[in-house]
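Survey of secondary and tertiary structure
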Amino acid sequence: MLTPMQLIAAAQARSGQMITVVGYFTWRTDTRALWQDRDAYLDAEHERRGDKFDYWAKCVTIYQRDARAREFSDRLVRITGKVVIVRDDDERSLWTCNRVALEDAVITTR
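Residues numbered from 1 in each chain as written. Predicted model: local features only at pLDDT ≥ 70, side-chain atom pairs only at ≥ 80, totals over all residues. Heavy atoms only, no water.

**Considering the nonpolar core**
As a reminder, the rule being used: Residues enter a nonpolar core if they are buried and are Ala, Val, Leu, Ile, Met, Phe, Trp, Tyr or Cys, with the set joined through side-chain atoms within 4.5 Å. Throughout, exposure labels follow a simple rule: accessible area from a 1.4 Å probe, protein chains only, divided by the maximum for the residue type, with under 20% read as buried, over 50% as exposed, and the rest as partly exposed. In DSSP terms, a helix is any run of H or I states spanning at least four residues, a strand is any run of E spanning at least two, and both are numbered starting from the N terminus. Throughout, a residue-residue contact means that at least one pair of heavy atoms, one from each residue, lies within 4.5 Å.
Within the largest apolar cluster, 19 residues are counted, with the highest numbers of intra-cluster contacts made by Leu7, Phe25, Leu34, Ile62, Ile79 and Leu102. Of all the elements in the fold, those that place two or more residues in this core are helix H1 (4-14), strand E1 (18-27), strand E3 (59-64), strand E4 (75-85) and strand E5 (100-109). If we ignore the near neighbours within four places in the chain, the residues touching Leu7 are Leu2, Ile19, Val21, Val60, Val83, Val100 and Leu102. In this structure, Ala40, Leu42, Ala44 and Tyr55 belong to the second largest nonpolar core, which totals 10 residues.

In structure tokens form, the structure reads like this:
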């Protein structure tokens, strides 16, 4: 299992592979994200580190297979999915927290 930051660092090598990542999941209207931890999410939500900090370096975008994802929001979870790097010409790029994403994701509690 990897953390979101470990996945981001290894994304090129892991692209197309099914992997499991653990972290803090948020379900919002336009984006589902897996954060390194709750503090990383709160840093981004409240811009606690100023406007020059790269908040998105600690989260990956989640494209879930299961419509029940909302019930896992604001919890520590385990997510298994296929690693993708969202390109600029992909319309999903408008709603990513990070270009590294998990597709067909299945979410379970830790």
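**Looking at the pairing of E5**
Short version of the rule: In this description, strands pair whenever DSSP reports at least two bridges between them.
With three bridges joining them, E3 and E5 adopt parallel strand pairing. If you follow Gln64 over to E5, its bridge partner there is Ala105. Note: E4 against E5, eight bridges, orientation antiparallel. Its bridge partner being in E5, Arg78 is matched across the sheet by Thr108.

**A short note on the sheet that holds strand E2 (residues 32-35)**
To keep it simple, the criterion reads: Interaxial angle, 0 to 180 degrees, is taken between N-to-C directions of lines fitted to C-alpha atoms, where a helix line uses only the stretch in contact.
Taking strand neighbours around the barrel as the criterion, the five strands line up as E1-E2-E3-E5-E4 in a closed arrangement whose pairing is mixed. For this sheet, the mean angle separating the axes of adjacent strands, direction not counted, is 55°. Direction of pairing for E1 relative to E4: antiparallel, over a ladder of eight bridges. Its bridge partner being in E4, Met18 is matched across the sheet by Lys82.

**Some points on the environment of Tyr55**
On the secondary structure map, Tyr55 appears in the loop between helix H2 (38-46) and E3. Under the relative-accessibility criterion, Tyr55 is labelled buried at 7%. A sequence separation of 42 residues divides Tyr55 from Cys97, and the C-alpha atoms of the two residues are 8.8 Å apart.

**Points about the state of the cysteines**
Throughout this description, disulfide means a covalent bond between two cysteine sulfur atoms. Quick note on the threshold: Disulfides are defined as pairs of cysteine sulfur atoms found within 2.5 Å of each other.
All chains considered together, the criterion is met by one disulfide. For Cys59, the disulfide goes to Cys97, at an S-S distance of 2.3 Å. With a gap of 38 residues between them, Cys59 in strand E3 and Cys97 in the loop between E4 and E5 connect regions that are remote in the sequence. Residue classification places Cys59 among the buried residues on the basis of a relative accessible area of 0%.

**What to know about the packing of aromatic side chains**
Heads up, the condition is: Pairing of aromatic side chains here covers Phe, Tyr and the six-membered ring of Trp, requires ring centres within 6.5 Å, and sorts the geometry by plane angle: under 30 degrees stacked, over 60 edge-to-face, intermediate tilted. Consider the ring centre and the ring normal. A charge sits over the ring if Lys NZ or Arg CZ is within 6 Å of that centre and within 35 degrees of that normal.
This structure, assessed with the given rule, holds three aromatic pairs. Ring centres of Trp35 and Tyr41 lie 5.6 Å apart, and the angle between their planes is 65°; this geometry places the pair in the edge-to-face category. The buried category is assigned to Trp35, whose relative accessible area is 4%. Seen from their ring centres, Trp35 and Trp56 are 5.8 Å apart, and the 50° between their planes marks the pair as tilted. Here Trp56 lies in the loop between H2 and E3 and Trp35 lies in strand E2, a separation of 21 residues in the sequence. Under the relative-accessibility criterion, Trp56 is labelled partly exposed at 41%. Every member of this aromatic cluster is reached through a ring pair, and the members are Tyr24, Trp35, Tyr41 and Trp56. Between the NZ or CZ atom of Arg92 and the centre of the ring of Tyr63, over which it lies, the distance is 4.5 Å.

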